[in-house]
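What the coordinates show
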Amino acid sequence: MIKYLIIFLFIISFAGCNQTEIDDGDNDISLSKAMGDVEEENFTKAIDKIEFVFPKDHGPHPDFRTEWWYFTGNLTDKSNRKFGYQFTIFRTALTKKKEIRNSDWSSNQIYMAHFAVTDIENDEFYFEERFSREANKLAGAQIDPLNVWLEDWQVIQIGDNIKFDLPTISISAKTGQVQIDFTLTASKPKVLQGEDGLSQKGKQPGNASYYYSYTRLNTEGKIILNEQELEVLGYSWMDREWSTSALSDDQVGWDWFAFQFNDNSEIMYYQMRKKDGTPDKYSKGIIVDKKGSSKLIKNEEVNLEVTDYWESPSGIRYPSGWKLDIPNESIKLEITPAIKKQLMDVSINYWEGAVLIEGLKNNEKLNGRGYVELTGYY
C-alpha cells in the first residue's frame, strides 16, 4: 500500500542532500521541496490506463517520483511456531533527470527500506529502517535479472524459472537480532488493482498509482532469531506500485488489509480516511478466487467496523480489531492482531502487523492469516 508520508519525511531527514540532488557537500533539504508541487520537475503521473509489460515492470520506473517493492508474509516452522514478516524497499527521485557532477556520491535517487519480524508465540516484534543514496551501488534497482537492494537487504532473481510472469526471487535482510532468507515463487497469477491497474487514491488528476499484486507466493526458507535458526514455510504477498502525487489535501491516511484464506482465496481492501474520520469514496479492494480470477470491490460494498484499540507508548490510539463484511459476497470476517504491539517506530510511525482472521463465506467457516497497515493516526 502507498506510504507517501513516510517517503516524504525520509527525503527531508536524509543526511547529505541538497534541494535538487544528493551530493556529499550539503546537508540541507527543504520541506517545500519534499512535499510541494512536483510539476516543475515534470515527473510522469498515473493518469491514464497503461499496458503492463513483464518482466520489465518488475523493475524501476525512474520517470515517476516514487515506487516500492513490498512483501508481507505469514510463516510457520516445523513445531507450528508462527511468524509474520514485512520487507519493503522504496525508491524516491528528487529530480526527474540526474545532473552530471564531479562526485561519485552524486545521485538524484534515494532509497529507504523497512524490515520487521513478528514472533507471535513470544509476543515479540523486531523492526529496523535503513536509508541510502543510489550512488556507488549502495542501493538500486534493475531488471534482467531482477535485483532491488539497499546495502545487504535484497530482492534478487534466482535462475531463469518464471511462473505467472514473475521469476523465482530471494529476499534477505538482517538486523542485530533477526535475519530472514526466503525463496518466493508465484502460485497464482498477478492481479491488477483498481481499474485495470490504475488505482485512483484521491480526487485530483494523477492522484493515483499503477498497482499490481501477487496475492499468494509460496515461501520457504529460514528465520534466524537470537542465533536460533528456524526453517519456515508459508505464503507471502507482493505489492508493486509507482506514482508521483501525494495524498489529497482532505485525506489523512489509510487502513489497508490483505488476507489469505484456507480456501486458497484472497481479499485486499484499503480504506482512505478523510480528515473528518469518514472513508473516502476512492477506497476500494479486490477479491481473488481460488483459481486466481479477481473482482473489484468498491467502498460502498464493504462494511468496516473497529472493535478494539491499542495505545502506543506515545499515547496514539490505533484500531486493534475489526469486523469486515461484504454482503454482496456473503462474507463476514473478524480480524485480530496476532500481537498488539506491531508498531513501526520509524521516521513516521505506522502500525503494520500480522493478523488472524475468522469468519464465514456463504455460511461456511473461513479462516486465514494476513497483514494490516494503519497510517495517519496522531
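Here, every reference points to the structure presented above.
Quick summary incoming for the structure in this document. A quick note: this is a predicted structure, and the numbers were derived from the prediction, not measured.

Here we look at the overall build of the protein chain
A tally of helices and strands in the protein chain yields two helices and 25 strands. Burial status across the protein chain gives 58% buried among its 378 residues. A separation of at least 24 residues holds for 59% of the contacts in the protein chain among residues at least 6 apart in sequence.

Focus on the nonpolar core
Of all hydrophobic cores here, the largest spans 44 residues; its most connected members are F71, Y85, F87 and I180. Beyond its immediate sequence surroundings of up to four residues, I180 is in contact with Y85, F115, V117, I171, S172, A173, K222 and I223. Residues V302, I335, W351 and I357 belong to the second largest nonpolar core, which totals 25 residues.

What about the pattern of salt bridges?
For the coordinates displayed, the defined rule picks out 17 salt bridges. Between K361 and D263 there is a salt bridge whose closest N-O contact spans 3.3 Å. Placement of K361 in strand β24 (residues 350-361) and of D263 in the loop between β14 (251-261) and β15 (266-274) is noted, with a sequence separation of 98 residues between them. Given the relative accessible area of 24%, K361 is considered partly exposed. Between D325 and K332 there is a salt bridge, with the nearest N and O atoms lying 3.9 Å from each other. Connected through shared salt-bridge partners, E128, R130, E151 and D152 make up one network.

Considering the packing of aromatic side chains
Any two aromatic rings considered together are summarised by their centre-to-centre distance and by the angle between their planes. For the structure shown, the criterion picks out 22 aromatic pairs. Measuring from centroid to centroid gives 5.0 Å for F54 and Y212, while their planes differ by 85 degrees, and the two rings are edge-to-face. Linking F54 in the loop between α2 (31-35) and β1 (66-77) with Y212 in strand β12 (residues 208-225), this pair joins segments that are 158 residues apart in sequence. Each member of the pair, F54 as well as Y212, carries the same accessibility label: buried. Measuring from centroid to centroid gives 6.4 Å for F87 and F115, while their planes differ by 85 degrees, and the two rings are edge-to-face. Placement of F87 in strand β2 (residues 82-93) and of F115 in strand β3 (residues 109-119) is noted, with a sequence separation of 28 residues between them. We classify F87 as buried; its relative accessible area is 0%. For F115, a relative accessible area of 0% puts it in the buried group.

Regarding the side chain of S265
Inspection of the secondary structure assignment puts S265 in the loop between β14 and β15. Sequence-distant contacts of S265, defined by excluding residues within four places in its chain, comprise K188, R216, F259, Q260, V288, D289, K290 and K361.

Digging into unusual backbone geometry
Leaving glycine aside, a negative phi is the common case for residues, and trans is the common case for peptide bonds. Along the chain, F54 connects to P55 via a cis peptide bond; the corresponding omega equals 10 degrees. Here P55 is to be found in the loop between α2 and β1. Here D144 and P145 are connected by a cis peptide whose omega angle stands at 0 degrees. Even without a glycine there, the phi angle at N80 is positive, about 70 degrees. Topologically, N80 is positioned in the loop between β1 and β2. Notably, F164 is not glycine yet its phi reads approximately 55 degrees, a positive angle. Along the polypeptide, F164 turns up in the loop between β7 (153-163) and β8 (166-174).

Looking at the pairing of strand β17 (residues 294-298)
Remark: a regular strand shows side chains that alternate across the two faces of the sheet. In this structure, strand β16 (residues 284-288) lies alongside β17, joined through five bridges in antiparallel fashion. Looking at the pairing, I287 lines up with K295 of β17. Once β16 ends, the chain turns through five residues before running back antiparallel as β17, passing G292 with a positive phi of about 105 degrees.

Concerning the side chain of R91
With respect to the secondary-structure elements, R91 resides in strand β2. Looking at R91, its side chain comes within polar contact range of the main-chain oxygen of F64, at 2.9 Å. Sequence-distant contacts of R91, that is, excluding residues within four places in its chain, are made with H61, P62, F64, R65, T66, E67, W69, Q109, I110 and Y111.

Structural notes on the environment of D165
The topology assignment puts D165 in the loop between β7 and β8. For D165, a relative accessible area of 36% gives the class partly exposed. When the C-alpha atoms of D165 and P55 are compared, they prove to be 6.3 Å apart, with 110 residues separating the residues in sequence. Setting aside chain neighbours within four positions, we find D165 in contact with F54, H58, K190 and Y214.

Rules of the game
- Residues numbered from 1 in each chain as written.
- Predicted model: local features only at pLDDT ≥ 70, side-chain atom pairs only at ≥ 80, totals over all residues.
- Heavy atoms only, no water.
- Helix = DSSP H or I, 4+ residues; strand = E, 2+ residues; numbered from the N terminus.
- Buried < 20%, exposed > 50% of the residue type's maximum accessible area, 1.4 Å probe, protein only.
- Contact = heavy atoms within 4.5 Å.
- Core = buried A, V, L, I, M, F, W, Y, C linked by side-chain atoms within 4.5 Å.
- Salt bridge = Lys/Arg side-chain N within 4 Å of Asp/Glu carboxyl O.
- Phe/Tyr/Trp six-rings, centres within 6.5 Å; stacked < 30°, edge-to-face > 60°.
- Pairing = 2+ DSSP bridges.
- Polar contact = N/O pair within 3.5 Å; in protein donor to acceptor, adjacent residues only side chain to side chain.

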